[in-house]
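Here's the letter readout for the chains.
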Amino acid sequence: MRHLMSPLDLSVEELDKLLTLANDIEKNPKKYAHACDGKKLATLFYEPSTRTRLSFETAMLNLGGSVIGFSSADSSSAAKGESVSDTIRVISCFADICAMRHPKEGAPLVASLKSSIPVINAGDGGHQHPTQTLADLLTIRSLKGRLSNLKIGLCGDLKFGRTVHSLINALIRYPNVEFVLISPKELRVPEYIREDVLVANNIPFTEVERLEDAIPDLDILYMTRVQKERFFNEEDYIRMKDFYILDKEKMALAKDDMLVLHPLPRVNEISVEVDDDPRAVYFKQVQYGVYVRMALILTLLGIEVQ
Amino acid sequence: MRHLMSPLDLSVEELDKLLTLANDIEKNPKKYAHACDGKKLATLFYEPSTRTRLSFETAMLNLGGSVIGFSSADSSSAAKGESVSDTIRVISCFADICAMRHPKEGAPLVASLKSSIPVINAGDGGHQHPTQTLADLLTIRSLKGRLSNLKIGLCGDLKFGRTVHSLINALIRYPNVEFVLISPKELRVPEYIREDVLVANNIPFTEVERLEDAIPDLDILYMTRVQKERFFNEEDYIRMKDFYILDKEKMALAKDDMLVLHPLPRVNEISVEVDDDPRAVYFKQVQYGVYVRMALILTLLGIEVQ
Amino acid sequence: MRHLMSPLDLSVEELDKLLTLANDIEKNPKKYAHACDGKKLATLFYEPSTRTRLSFETAMLNLGGSVIGFSSADSSSAAKGESVSDTIRVISCFADICAMRHPKEGAPLVASLKSSIPVINAGDGGHQHPTQTLADLLTIRSLKGRLSNLKIGLCGDLKFGRTVHSLINALIRYPNVEFVLISPKELRVPEYIREDVLVANNIPFTEVERLEDAIPDLDILYMTRVQKERFFNEEDYIRMKDFYILDKEKMALAKDDMLVLHPLPRVNEISVEVDDDPRAVYFKQVQYGVYVRMALILTLLGIEVQ
C-alpha cells in the first residue's frame, strides 16, 4: 500500500517513471480511457479548493472511474466529532483511492496510517501540496525537456508559499539547478529552507528584491501571489508592490524561452496582457496537473496499461 | 465554437432543428445513451439552483457522459479572488462543455470569450435563462404541435420575471402570436419589453389585472410567482393576491386544451388541486427541460447520432 | 411502486430475501457491476450526512449506475419555498430512484405519496433510519449466521437513539431474542418501546445501569453515544460516564464470539484500543451497509440479476 504525502515520497527514478507515464497519457488518452473502470476515487475536501478537487475528479473520470466525496467540512462527519482515522476507515469501504485536503498539517498522514486504500495528500494547511509540485515538474520537464541545468526564479511570497518550498525540495535532487529568490525582505524563504535545504545541499541561490533585476537570466519564472496584509507597513507595500506584478514590460526583459508558471488562482500578480505570450504556461500547467494526477492514480493503484 | 447566452443566439431554423432533435431523444432515448461517452460537463453554479443544475447533470448522464462542478460560490475559487475568465480557462482543461449560473448579469458571456469549450448560460442574475425558455418552447411545440397561432397569457410578476421576458422574445419570431399580460400594475412588463419588443414588432397584446378575465381565450397560460414584497402597499396586496392564484374554479373557465406552464419552483400561485388536471403540464415541462438540454449539449458539441 | 420508509415495510420473508441478495453481492460483486447501467440515483440530503450519502452513492456506482443530488438544504430549492411533494415530482423526471434524508419526521413519506420513482428514507429526524437497521441486521446475520436466539445488549442513549428503536422493532420478529438495555436512568428506552413493543410482545428484557454487569452474557453489543448534555446533572455524568466507554478491560469480560456494533460516527464511547479486537465489527458494518443498499436498490427497481 503506497500513499503520497510529499513529493519526496517518490525517488527520482519513480518520479521519472511517473512523469513519463503522464506524457504517455497526454499523447494517448484513449489508451487509458478505461484503465480505472469500476474504480472509485473519494475526494475528501475538509477545506474548499475547486481547482484541485476538479482536477482530481477529471483525472479519475478520464480513466473511466467514478467519484464520490465532499467539498467542504460542513457536509462531512467531522462536524459530528468523527476523527480522520475513523473517516478514512469508513471511506476505505466505499472507494479504491482517496484524495484528502485538510486545514490541519499532517491530517492526511494520520489518515494514511489507518487506511486500507491509497491516500493522496491534496494539501494540508501550509505544509504540503504534492500534486501541485508534480504538476509543476511535469510542466517544466515537458516544455523544457529537462529538470536539470535550470535557473529558476521564484517570485512573491516565499515565506508562506508552500508550493515554492515543495518545488525547491523537489528540484534540488537534479544536477545543476540554481535558484533566484525574488521577494520583499519580510517574505523571504524561511530559515529551514535557506539553511537546511539550500545551503546544506550546496545549491547555488541568490536573493533579490526586484523581479526586473532577476528576470533576464531565468529559464523558469515561478510566480506566486503577494498579499498586501503580509507587509509590515504600508510604505513598504507602496514602494514594492509593482516589483511583483509581471507585465509585458518585464516579459520583454526575459529570454525567449523562459517559461512563466503559477500555481493559480492568480489575482493581479500577472497582468492579463501576459496571458497570450507563448511563454505564459500557467494554463497548460493546469492541463499537466490532470495528466500527472492520472498517472499518480494509476501508479498508486498498481494499474499498468499495455 | 458555439455558446448559448440567449435563446436568440439560435435562429428560428436552428431552434426548429434543436427541438426536433429533443423530440427524437424523447422517443428514442437508447439511441442517444452513449452519444457523449467519455465527455464531461462542468456545472459551475455560483448561485444555488438545484433544479437547473440537476437537469443539466441528468441530461449529460443520459447521454453517457459524466459531470464535475460545484453548486455554490463558497466552494469555488471565486472566494479566493479568481476571475470568471481565469476559472473558465482552468475548466477548459477539465471538461468538454460547461453550464454556468452566476448572480452577475453577463458573467457567462465574459467566460465564453476566454473559453475553449462551449459555455451555456444557465441563468445570469435577472438577465437570461435560455435553457428554461428552450424547455418552455419544447413543451408548447410538443403538446400543441406548433409555436405559431397561439394566444399566450403570461401571469404574475412580469416586471422582474426573466423567464417571461425571454419567452416573449422567443415567441415573437413565430407568426400570429398574441400575448395577454396579466399582472398588478406595479409588476407590468417593463418599458423595454412593451415598447421595444411588442410595440416595435407589431405584436398584438393586451394588459389585464385579473386572471379570470383573461383565461377563457388562452391557448397557453404561463404562470409565475407574485411575491408579497413586490407590492407597493399591503392594501393592494390584500385586494389582488387571489387574482393570481390558479385554482379549479379558474381552470373551469379555461379552454379544454389550454396548457398551464410554470418555470417552477411553485409556491402557492397554483393550487395543488390543479396538479391532476391534464392541462397542467408544469411537471412535463421539467421532463422536456431534460430532453432539450440533451439536444443542446449534442448540438454545441457537434455530435450527430445516426 | 415500492418505497422504503421503515424496516418493517419489509416482511420477514422479504427481508430474508434482501439479506440473501446482499450476501450474494458480497461474494460476487462483478456479477452485479452493470445491473444498473443507465440508471440514476438521486441523493436528496436536506441535512448533511456524509457517511450515509456516500454509502448510497457507492452502492449505486457499484451497480454501474450514476448519481445526482445535493448534500445540504442550502443548495436545494427548499430555500425558495418548494414543497417536498413538488421536489420529488421534479426529481422523478431526472432519476430512477431516490434516497432522501430530511430533518422533519415524515418528509420522505410525504414525498413517496407523489413520487413516480421509489423513495428510500435515508433518515427523517429522530424517527427512522431504515437502511442503518438493514445494515445492522445484515452484519449480525452474516457474522452470527442467525437473527434468532440472540442476547443483545443495547448500550448508551436508548431514549433518543433512533437506530436502537428501529433495531428492537426489527429483531422482535425473530424467535428467542432477548434484550439487555444498558443506560443511565435518564436515557432509558421510552415508554412506547418498553411497553408497546417489548412488554406487549412478551419479549424478555432487563434494564441495567452498568455495561460491566451486562457484558459477560451478551451475543451482540450495540453501542451508541452518550452525550454529556443529555444528563440531568454534572454529578450523575461524572459518576457514570465511564460505565459507557467500551475499553479492553470490559472486552475481557465478554464472550469470545460477542460482536460489537456501532452505527458510527463514534466519538469516545469505544476506545480505539478496541478497534483491533476481532469482535469489533463496526467498520465491517459500514461495508455491509453498502451491500444491503445495493440489494435494496435492485429490489426496489425490480431488477433481477441471473
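Nothing here was measured: the structure is a model prediction, and the numbers come from that model.

Each value, and the rule that gives it
- Position numbers for residues count from 1 along each chain, tracking the sequence in the order it is written.
- The lettering of chains begins at A and the numbering of ligands begins at 1, in the order of writing.
- Confidence filtering applies because this is a predicted model: local features only for residues at pLDDT of at least 70, side-chain atom pairs given and counted only at 80 or more, and all residues used for totals across whole chains, interfaces and linings.
- With hydrogens and water set aside, each side-chain value is computed from the structure's full complement of heavy atoms.
- Contacts: residue pairs with any heavy atoms within 4.5 Å of one another.
- Here the quantity called buried area is the total loss of accessible area, with a 1.4 Å probe, experienced by two parts when brought into contact, counted for both.
- Residues adjacent in sequence count toward polar contacts only when both atoms are side-chain atoms; beyond that, a polar contact is any pair of N or O atoms within 3.5 Å, and within protein one must be able to donate a hydrogen and the other to accept it.
- Numbered from the N terminus, helices here are DSSP runs of H or I no shorter than four residues, and strands are runs of E no shorter than two.
- Only Asp, Glu, Lys and Arg are considered charged, only Ala, Val, Leu, Ile, Met, Phe, Trp, Tyr, Cys and Pro nonpolar, and every remaining residue, Gly among them, polar.
- Any helix carries an expected span of 1.5 Å times its number of residues minus one.
- Throughout this description, buried means an accessible area under 20% of the type-specific maximum (1.4 Å probe, protein chains only), exposed means over 50%, and partly exposed covers the range between.
- Working definition: the arc comes from the directions between the helix axis and the C-beta atoms, pointing outward to the latter.
- An automatic or database domain assignment provides the domain bounds reported here.
- What counts as a salt bridge is simple: a side-chain nitrogen of Lys or Arg found within 4 Å of a carboxyl oxygen of Asp or Glu.
- Only residues with pLDDT of at least 70 in both copies count here: their C-alpha atoms drive the least-squares fit that superposes the copies.
- If DSSP finds at least two bridges between two strands, the strands pair.
- Every axis corresponds to a line fitted to the C-alpha atoms, with the helix fit spanning only the stretch in contact, and the corresponding angles, defined between N-to-C directions, vary from 0 to 180 degrees.
- Look down the strands so they point away from you; if going from the first strand over the helix to the second traces a clockwise path, that crossover is right-handed.
- Pairs were defined over the aromatic rings of Phe, Tyr and Trp, the Trp ring being its six-membered one, requiring ring centres within 6.5 Å. Orientation was assigned from the angle between planes: stacked under 30 degrees, edge-to-face over 60, tilted for the rest.
- Charges are assigned to positions over rings by a cutoff of 6 Å between ring centre and Lys NZ or Arg CZ, combined with an angular limit of 35 degrees from the ring normal.
- An angle counts as roughly parallel when it lies under 35 degrees, as roughly antiparallel when it exceeds 145, as roughly perpendicular when it falls between 65 and 115, and as oblique in every other case.
- Working rule for handedness: look at the near helix, and if it is turned counterclockwise from the far one by less than a right angle, call the crossing left-handed; if clockwise, right-handed.
- For the purposes of this analysis, a disulfide is any pair of cysteine sulfur atoms at a distance within 2.5 Å.
- UniProt positions are given in the numbering used here, feature names are shortened, and annotations may be inferred rather than shown by experiment.

Quick look at the interface of chain A and chain C
Tallying the contact residues gives 19 residues for chain A and 23 residues for chain C. Taken together, the two surfaces of chain A and chain C that pack against each other cover about 1800 Å², and 58% of this comes from carbon and sulfur. The largest share of the area that chain A buries against chain C comes from Lys80(A), Cys93(A) and Phe94(A), three residues that together contribute 31% of it. Counting every contact that joins chain A to chain C gives four residue pairs in polar contact (both at pLDDT 80 or more). Secondary-structure elements contributing two or more residues to the side of chain A that touches chain C are strand S2 (66-70) and helix H3 (84-92) of chain A. With five residues, S2(A) is the largest single contributor of residues to the side of chain A that touches chain C. Within the side of chain A that touches chain C, the residues separate by chemical class into seven nonpolar, six polar and six charged.

Quick word on helix H1 (residues 12-27) of chain B
Residues and elements named next belong to chain B. Compared with an ideal rise of 1.5 Å per residue, which puts 16 residues at 22 Å, H1 spans 23 Å between its outermost C-alpha atoms and is within 8% of the ideal. Of the residues making up H1, those classed as buried are Leu15, Leu18, Leu19, Ala22, Asn23 and Ile25. Buried residues of H1 fall within an arc of 155° about the axis and therefore sit on the same side. Turned more than 90 degrees away from the buried face of H1 sit Glu13, Lys17 and Lys27, all of them exposed. Buried-residue contacts for H1 involve helix H5 (130-144) and helix H11 (282-301).

Quick notes on the domain arrangement of chain A
Residues and elements named next belong to chain A. Taken domain by domain, chain A comprises domain 1 (7-128 + 289-301) and domain 2 (131-285). Placing the centre of domain 1 and that of domain 2 at their C-alpha centroids yields a distance of 27 Å. Contact with domain 1, which involves 27 residues of that partner, is made by 20 residues of domain 2. Taking both sides of the interface into account, the surface hidden between domain 1 and domain 2 amounts to around 1900 Å²; carbon and sulfur atoms contribute 56%. For domain 1, the biggest contributors to the area lost against domain 2 are Leu8, Leu19 and Arg51; these three give 26% of the whole. The salt bridge involving aspartate 16 is made with arginine 141; its shortest N-O contact spans 2.7 Å. Along the contact surface separating domain 1 from domain 2 lie 10 residue pairs in polar contact (both at pLDDT 80 or more).

Details of the relation of the copies chain A and chain C
Related by rotation about an axis and a shift along that axis, the two copies of the chain form a pair. If you rotate chain A by 120° and push it 0.0 Å along the axis, it lands on chain C with an RMSD of 0.0 Å. The superposition of one copy onto the other is thereby described by a three-fold rotation axis. When each C-alpha of chain A is compared by its distance to the rotation axis, Ser66(A) comes out closest, at 5.1 Å.

Some words on the sheet that holds strand S3 (residues 97-102) of chain C
All names here are of chain C. Pairing in this open sheet of four strands is parallel, and the strands run S2-S1-S3-S4 from one edge to the other. In this open sheet, the two strands that pair with only one neighbour each are strand S2 (66-70) and strand S4 (119-124). Averaged over all neighbouring strand pairs, the angle between strand axes comes to 15°, with direction disregarded. Bridging between strand S1 (residues 40-45) and S3 involves five bridges; their strand directions are parallel. In the sheet register, threonine 43 faces S3, and the bridge partner there is alanine 99. Of the strands in this sheet, S3 and S4 are in contact with helix H4 (residues 107-114), which crosses S3 at around 150°.

A few points about the side chain of His262(B)
Residues and elements named next belong to chain B. Within the fold, histidine 262 resides in the loop between strand S9 (259-261) and H11. Reaching out from histidine 262, the side chain makes a polar contact with the backbone nitrogen of leucine 264 at a distance of 2.7 Å. If we skip the residues at most four places from it in the chain, histidine 262 touches Met223, Thr224, Arg225, Glu269, Ile270, Tyr282 and Gln285.

Section: the interface of chain C and chain B
Counting residues at the interface gives 19 residues for chain C, matched by 23 residues for chain B. Taking both sides of the interface into account, the surface hidden between chain C and chain B amounts to around 1800 Å²; carbon and sulfur atoms contribute 57%. Three residues, Lys80(C), Cys93(C) and Phe94(C), lead the burial of chain C against chain B; their summed loss comes to 31% of the area buried on that side. At the boundary of chain C and chain B, one finds three salt bridges. Between Arg89(C) and Asp275(B) there is a salt bridge whose closest N-O contact spans 3.2 Å. Inspection of the region where chain C meets chain B yields four residue pairs in polar contact (both at pLDDT 80 or more).

Looking at the sheet that holds S2(A)
Backbone hydrogen bonds are what pair the strands of a sheet, in a parallel or an antiparallel way. Strand order across the open sheet formed by four strands is S2-S1-S3-S4 (chain A), with parallel pairing between neighbours. Looking at strand neighbours, the two that pair on one side only are S2 and strand S4 (119-124) of chain A, the edges of this open sheet. When strand polarity is set aside, the average angle formed by the axes of neighbouring strands in this sheet is 15°. By the bridge criterion, four bridges tie strand S3 (residues 97-102) of chain A to S4(A) in an arrangement that is parallel. Looking across to S4(A), one finds that Met100(A) is bridged to Asn121(A). Along the sheet face, helix H2 (residues 50-62) of chain C touches strand S1 (40-45) and S2 of chain A and points at about 175° away from the line of S2(A).

Digging into the pairing of S3(A)
Residues and elements named next belong to chain A. For S3, the tally of buried residues reaches six of six residues, placing the bulk of the element in the interior. Of the two faces of S3, the one carrying Ile97, Ala99 and Arg101 and the one carrying Cys98, Met100 and His102 are both buried. With respect to chirality, the unit in which S3 leads through helix H4 (residues 107-114) into the neighbouring parallel S4 is right-handed.

Considering the packing of aromatic side chains
Per the stated rule, a full pass over the model turns up 12 aromatic pairs over all chains. Between Arg210(A) and the ring centre of Phe243(A), over which it is positioned, the NZ or CZ distance is 5.3 Å. It is Arg293(C) that lies over the ring of Phe56(C); its NZ or CZ is 4.9 Å from the centre.

Concerning the packing of helix H5 (residues 130-144) of chain C against helix H6 (residues 162-171) of chain C
Residue and element names in this part refer to chain C. Across the interface, H5 lies against H6 with an axial gap of 9 Å and an inter-helix angle of 55°. By the angle between their directions, the pair H5 and H6 is classed as oblique. In the packing of H5 onto H6, the handedness of the crossing is right-handed. In this structure, H5 contributes Gln132, Thr133, Asp136 and Leu137 to the contact, and H6 contributes Thr163, Ser166, Leu167, Ala170 and Leu171. Of the residues assigned to the contact of H5 with H6, the class counts are four nonpolar, four polar and one charged.

Quick notes on the state of the cysteines
All chains considered together, the criterion is met by zero disulfides over all chains. No disulfide involves Cys36(B); its sulfur sits 15 Å from that of Cys98(B), the nearest cysteine.

Notes on the UniProt feature "binding site: carbamoyl phosphate" (unreviewed entry) in chain A
Residue and element names in this part refer to chain A. Sites flagged by UniProt as "binding site: carbamoyl phosphate" (unreviewed entry) map to Arg51, Thr52, Arg101, His129, Gln132, Leu264 and Pro265. Tracing the backbone through its elements, the reader meets threonine 52 in helix H2 (residues 50-62). Other than its neighbours up to four places away in sequence, threonine 52 contacts Phe45, Arg101, Ala122, His129 and Arg293. For glutamine 132, the position within the fold is in helix H5 (residues 130-144).

Thoughts on the pattern of salt bridges
Under the counting rule described, the total for this entry stands at 57 salt bridges over all chains. Where Asp275(C) meets Arg266(C), a salt bridge forms, and the shortest distance between an N and an O atom there is 2.9 Å. Given a relative accessible area of 12%, Asp275(C) falls into the buried group. Accessibility expressed as a relative area gives 3% for Arg266(C), which makes it buried. Shared partners join several salt bridges into a network, and the residues in it are Asp86(A), Arg89(A), Arg266(C) and Asp275(C).

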